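Listed below are the residues making up each chain.
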Amino acid sequence: MISVDVKKRLGAFQLDTQFEAPNGVTAIFGRSGSGKTSVVNAVAGLLRPDAGRITIAGTALFDQASKTYLAPQQRRIGYVFQDARLFPHMTVMRNLGYGGTHDAARVIEVLGLEQLLDRMPARLSGGERQRVALGRALMSDPQLLLMDEPLAALDAPRKAEILPFFERLRDEVQVPILYVSHDVSEVARLATTLVIMEKGRVTTSGPVGTVLSRPETVPLVGPRAAGAVIETKVAGRLLDDGLTELAFSGGRIMLPGLLGVLGQTVRIRIPAQDVILAKHRPADLSALNVLPVTITQVAQGKGPGVAVGLRAGEDQLLARVTRRSALRMELAVGQQIYAIIKATAVGPEDIGT
Amino acid sequence: MIEALGPEEWTAILLSLRVALVAMLAALPLAVWIAYVLARKTFPGRQLLNGVVHLPLVLPPVVTGYLLLVLFGQQGPLGGFLDQTFGITFAFRWTGAALAAAVMAFPLMVRAIRLGFEAVDPGLEQAAATLGASRWRIWRTVTLPLVLPGILAGTILGFAKALGEFGATITFVAAIPGETQTIPTAIYGLLQVPGREPAIVSLVIVSIILAMGALLVSEWLARRMAQRLGGT
């Protein structure tokens with residue numbers, strides 16, 4: 001458990017952030033300029049807060065009250081910077097070993113670095129650099145890993161190439177991670193807990209599925225990015241049709257492509273704008289996925305859209321419809337309706353393992 | 001050409017090399033430290049320090065030489081102290097020539113080394129700190145290797161400047177053959193005597209060779225550094 005309480009004045013900007021991060025991956029999400037990087041810098045010891053307290057498993061790294069302030073060297077925190085910051089005059093091997101050689105063989109194997117060891121950083125691609133930076137941080141045997149938008153500088157194919165490494169890392173290495181990002185797909189795939197920041201303050205936080213499926217989250221992440229995240233299990237593979245059937249508490253969803261093996265857990269994000277609502281079970285529809293749901297919330301936004309919170313079994317879904325439709329359908333809390341999800345709406349970037 | 005160089009000229013050449021070399025070795029640690037402070041630290045009086053360091057670059061060399069004479073002469077406050085306490089004498093000695101050369105070359109060295117420090121991303125030092133490296137280890141393994149091209153450039157530039165220093169040297173320690181007569185002061189002395197043109201031409205050629213050599217060596221070093229950073 002990491003507990004963060006940081007107050008810091010930076011020019012006209014006031015950082016005043018409090019949150020708790022349980023083990024697992026905690027994503028700090030917010031627009032650029034919301035103070036995300038300042039928070040992780042404070043945790044790393046690169047930025048000294050004016051007041052507050054930062055603890056890991058009860059041990060204070062910084063505590064204004066008792067005048068505790070550990071130097072970065074004493075914190076045992078691995079930091080993967082957005083720009084990797086590999087030492088340009090050292091080979092990959094020397095970069096990796098700079099902070100220690102903890103679990104070296106496995107880190108090199110998990111991150112696929114065997115072929116890169118003798119290279120200089122200038123000869124690495126952006127994705128390779130981030131993998132080396134991550135390996136270097138892990139080999140210093142950190143008690144916490146900070147990742148500041150490690151994929152922001154990469155194009156979509158590079159991201160797709162590196163994300164599976166991150167997922168494997170999350171599942172295999174028992175180090176809690178604070179992951180700064182402004183990309184909802186990344187957050188949905190990797191994070192277990194989500195902290196949303198705005199103008200230096202935490203606006204909402206909690207388990208990623210709960211936070212992202214709340215209608216209140218829509219204005220925070222933007223209407224296009226909003227959408228529920230649910231954990232499903234592979235229940236069937238329809239080889240002839242090239243579809244995978246996923247089961248969750250609210251029913252079954254079919255997605256294109258063959259994902260994973262039977263029984264495997266797959267986490268999917270269902271964008272709110274791709275969920276259609278119907279008052280009656282529709283017939284003769286091309287969409288494969290029709291789920292009975294109960295309305296839990298109807299939230300008016302500033303624009304023409306309305307965010308509708310839905311319960312499907314024990315999971316929460318989120319739909320975004322126009323205000324006009326909401327009025328015409330007389331949507332109200334407690335109503336039993338149907339959610340229609342087009343199978344192709346869930347893109348590959350929204351599917352994690 | 002070589003025949004035109006008499007023993008007196010050879011003495012001047014060797015003395016010039018010794019003066020420039022000693023001046024560089026003595027000035028280098030201080031230049032690196034000042035350059036680091038100017039590049040990285042903010043403190044009251046930073047501009048003043050910057051000004052003092054650059055003063056020899058803009059002052060007439062004769063004025064610098066005169067100030068050295070006043071401060072480091074036998075009766076000067078610093079010169080007297082150093083003479084009595086450590087037995088180091090500058091006035092009219094080759095050590096004085098080295099001091100003058102070091103002072104005159106200092107601004108050029110600091111400028112080049114400072115540029116080197118400014119080119120090192122402090123983010124790399126932060127990264128090293130999060131990996132547990134002590135400040136000394138960061139300096140030794142990250143900062144210094146990356147600033148080395150700047151240090152080399154500054155040293156070679158300073159060496160060339162020290163070889164050619166004239167005004168401050170002749171004012172401070174005169175041109176005593178075998179003690180303080182360097183290549184430039186020797187050339188100047190020979191110019192006062194009719195019929196010594198062959199020796200003058202020879203010393204001029206030697207000067208050009210030394211200067212070109214320094215430039216080529218610095219180019220070669222810079223290229224090797226770049227190769228190492230971008231290497232395979």
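Throughout, residues of each chain are indexed from 1 in the direction in which the sequence is written. Chain letters and ligand numbers both follow the written order, the letters beginning at A and the numbers at 1. In keeping with the predicted nature of the model, local features appear solely for residues at pLDDT of at least 70, side-chain atom pairs appear and are counted solely at 80 or more, and the whole-chain, interface and lining totals rest on all residues.

A. Examining the packing of helix α2 (residues 46–58) of chain B against helix α5 (residues 94–118) of chain B more closely. All names here are of chain B. In contact at an axis separation of 8 Å, α2 and α5 are set at 120° when each is read in the N-to-C sense. As far as their axial angle goes, α5 and α2 are oblique. In this structure, α2 crosses over α5, and the sense of that crossing is left-handed. Where α2 approaches α5, its residues Val 53, His 54, Pro 56 and Leu 57 are matched on the opposing element by Val 103, Met 104, Phe 106, Pro 107 and Val 110. Split by residue class, the contact of α2 with α5 holds eight nonpolar, one polar and no charged. Angles shown run from 0 to 180 degrees and are taken between the N-to-C directions of axes, each axis being a line fitted to C-alpha atoms and, for helices, limited to the stretch in contact. Secondary structure is summarised from DSSP: a helix means a run of H or I of at least four residues, a strand means a run of E of at least two, and numbering begins at the N terminus for each. What sets the label is the angle itself: under 35 degrees gives roughly parallel, over 145 gives roughly antiparallel, 65 to 115 gives roughly perpendicular, and the rest give oblique. Take the far helix as your reference; a near helix turned counterclockwise from it by less than a right angle gives a left-handed crossing, and one turned clockwise gives a right-handed crossing. Each residue gets a C-beta atom placed from its backbone, and two residues are in contact if those atoms lie within 7 Å. Note on residue classes: Ala, Val, Leu, Ile, Met, Phe, Trp, Tyr, Cys and Pro are nonpolar, Asp, Glu, Lys and Arg are charged, and everything else, Gly too, is polar.

B. Molecular detail of the confidence of the model for chain A. Confidence of the predictor at the level of single residues is captured by pLDDT, which takes values from 0 to 100. Summing up the model confidence of chain A, the mean pLDDT is 90 and the portion of residues at 70 or higher is 99%. No element of chain A has a lower mean pLDDT than strand β21 (residues 351–352) of chain A, at 74, and none a higher one than helix α2 (residues 92–97) of chain A, at 97.

C. Structural view of the sheet that holds strand β16 (residues 275–278) of chain A. All names here are of chain A. Between any two strands, at least two bridges found by DSSP are needed for them to pair. If you walk across this open sheet you meet the five strands as β16-β20-β17-β18-β19, and the pairing is antiparallel. Unpaired on one side and paired on the other, β16 and β19 (315–322) mark the two borders of the sheet. Neighbour to neighbour, the strand axes of the sheet diverge by 45° on average, direction disregarded. With six bridges connecting them, strand β17 (residues 289–300) and strand β18 (residues 305–312) associate as antiparallel partners. Counterpart to Val 298 in the pairing with β18 is Val 308.

D. Structural view of the nonpolar core. Residues Ala 27, Leu 146 and Ala 339 of chain A together with Ala 101 of chain B are the most contacted members of the largest nonpolar core, which totals 152 residues. Residue ranges assigned to the domains are those given by an automatic or database domain assignment. Here this core gathers at least three residues from each of two domains, domain 1 (2–216) and domain 2 (227–352) of chain A. Not counting chain neighbours up to four residues away, the residues in contact with Leu 146 of chain A comprise Val 40, Val 43, Ala 44, Ile 77, Gly 78, Tyr 79, Val 80 and Leu 178 of chain A. Only buried residues count toward a nonpolar core: Ala, Val, Leu, Ile, Met, Phe, Trp, Tyr and Cys, linked into one set through C-beta atoms within 7 Å. With C-beta atoms placed from the backbone, a residue is buried if 20 or more other C-beta atoms are within 10 Å of its own, exposed if 12 or fewer are, and partly exposed between those counts.

E. Spotlight on the interface of chain A and chain B. Each partner contributes residues to the interface: chain A has 19 residues there, and chain B has 19 residues. The dominant element in the side of chain A that touches chain B, judged by the number of residues it contributes, is strand β7 (residues 77–80) of chain A, at three residues.

F. Broad picture of the environment of Pro 177 of chain B. Residue and element names in this part refer to chain B. Examined against the element boundaries, Pro 177 turns out to sit in the loop between α8 (167–173) and α9 (183–191). Along the chain, Pro 177 and Gly 189 lie 12 residues apart, while their C-alpha atoms are 10.0 Å from each other. Residue contacts for Pro 177: discarding those within four places in its chain leaves Glu 8 and Thr 11.

G. Up close: the pairing of strand β3 (residues 25–29) of chain A. Residues and elements named next belong to chain A. Counting buried residues in β3 gives five out of five residues, a clear majority hidden from the surface. Side chains Val 25, Ala 27 and Phe 29 of β3 all project onto a buried face; the interleaved residues Thr 26 and Ile 28 project onto the opposite face, where all are buried too. By the bridge criterion, five bridges tie β3 to strand β9 (residues 177–181) in an arrangement that is parallel. Directly across from Ala 27, in β9, lies its bridge partner Tyr 179. Sheet analysis places β3 next to strand β10 (residues 193–198), joined by four bridges and oriented parallel. Bridging from a neighbouring strand, Thr 26 pairs with Thr 193 of β10.

H. View of the environment of Ile 177 of chain A. Residues and elements named next belong to chain A. Structurally, the position occupied by Ile 177 is in strand β9. Take Ile 177: there are 25 C-beta atoms within 10 Å of it, and that puts it in the buried class. Distance in space between the C-alpha atoms of Ile 177 and Leu 145 is 4.7 Å, their sequence separation being 32 residues. The contacts of Ile 177, once residues within four sequence positions are left out, are Val 25, Thr 26, Leu 145, Met 147 and Arg 170.

I. Main features of the confidence of the model for chain B. All names here are of chain B. Of the residues in chain B, 97% reach a pLDDT of 70 or more, and the chain-wide mean stands at 90. Looking across chain B, the model is least confident in helix α10 (residues 197–230), with a mean pLDDT of 85, and most confident in helix α6 (residues 122–130), with 96. On the interface metric, ipTM, the complex scores 0.84, and its pTM is 0.83.

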